[in-house]
Amino acid sequence: SGPIEIPEGIDSIHHEVELGVVIGKAGKRIDPHAAMDHVSGYCLGFDMTARQWQNQAKDAGKPWTLAKCFDTSLPISTQFLDKSQVSNPHTLTLWCKVNGELKQRGSTADMVFDIPALIAAISKHHTLEENDLILTGTPAGVGPVKAGDQLSGGIEEHGVSVCFDVKASNP
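### A look at the pattern of salt bridges
So, point 1. The full count for this structure, using the stated rule, is six salt bridges.
So, point 2. For the salt bridge of Arg-51 with Glu-16, the shortest nitrogen-to-oxygen distance reads 3.9 Å. Of this pair, Arg-51 sits in helix 1 (residues 51–59) while Glu-16 sits in the loop between strand 2 (12–15) and strand 3 (17–23); the two residues are 35 residues apart in sequence, bridging distant segments of the chain.
So, point 3. Given the relative accessible area of 11%, Glu-16 is considered buried.

### A look at the sheet that holds strand 11 (residues 160–168)
So, point 1. Pairing within the open sheet is mixed, and its five strands lie in the order 1-11-10-6-7. A single partner strand is all that each edge strand has here, and the edge strands are strand 1 (4–6) and strand 7 (101–107). Averaged over all adjacent pairs, the angle separating strand axes in this sheet is 20°, with direction ignored.

### Comments concerning the sheet that holds strand 3
The strands that make up a sheet are held in pairs by hydrogen bonds between backbone atoms, and each pair lies either parallel or antiparallel.
So, point 1. Strand order in the open sheet formed by four strands is 5-4-3-8, with antiparallel pairing between adjacent strands. Each edge of the sheet is formed by a strand with only one pairing partner; in this case those strands are strand 5 (81–82) and strand 8 (133–135).
So, point 2. Examined bridge by bridge, strand 4 (residues 39–46) and strand 5 share two bridges and lie antiparallel to one another. By the bridge assignment for strand 5, Tyr-42 is matched with Leu-81.

Calculation criteria
- Residues numbered from 1 in each chain as written.
- Predicted model: local features only at pLDDT ≥ 70, side-chain atom pairs only at ≥ 80, totals over all residues.
- Heavy atoms only, no water.
- Salt bridge = Lys/Arg side-chain N within 4 Å of Asp/Glu carboxyl O.
- Helix = DSSP H or I, 4+ residues; strand = E, 2+ residues; numbered from the N terminus.
- Buried < 20%, exposed > 50% of the residue type's maximum accessible area, 1.4 Å probe, protein only.
- Pairing = 2+ DSSP bridges.
- Axes fitted to C-alpha atoms, helices over the stretch in contact; angles between N-to-C directions.

Dropping the structure here:
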């Protein structure tokens, strides 16, 4: 996998390890009871945030989309877990390390919203298409990474692991 690049003018970005839900069947206004029929599987994702940009935008009362949507802001695992491989996606342990030091570890059982609720809420306003990716929320321990760091994470029960080098972007 390629590196995570810190945008020009930013010293660090923050990591959030999350379960990625991959949509396998398109839908709009999906009922929560049918939501899991639209899931094809799972991956691990890092929701990276340029906190400096986010805070500037918040202080100015402006949208902070750029803080979440810069190049390489959503690195994901190349390991895909088919839905049939995961008996219960609400009991998975996610972990994140920075330079080998554990920063985040938590269970998807502690998510504020379960996967059917997320799919129903999102599909109320946005048509979900095959291969769309939904991130489900992050455990405690969100924090910064800087150029030269190594960010790793995994889904404990299924041996999914990923590792990314963090570097400054080229101007």
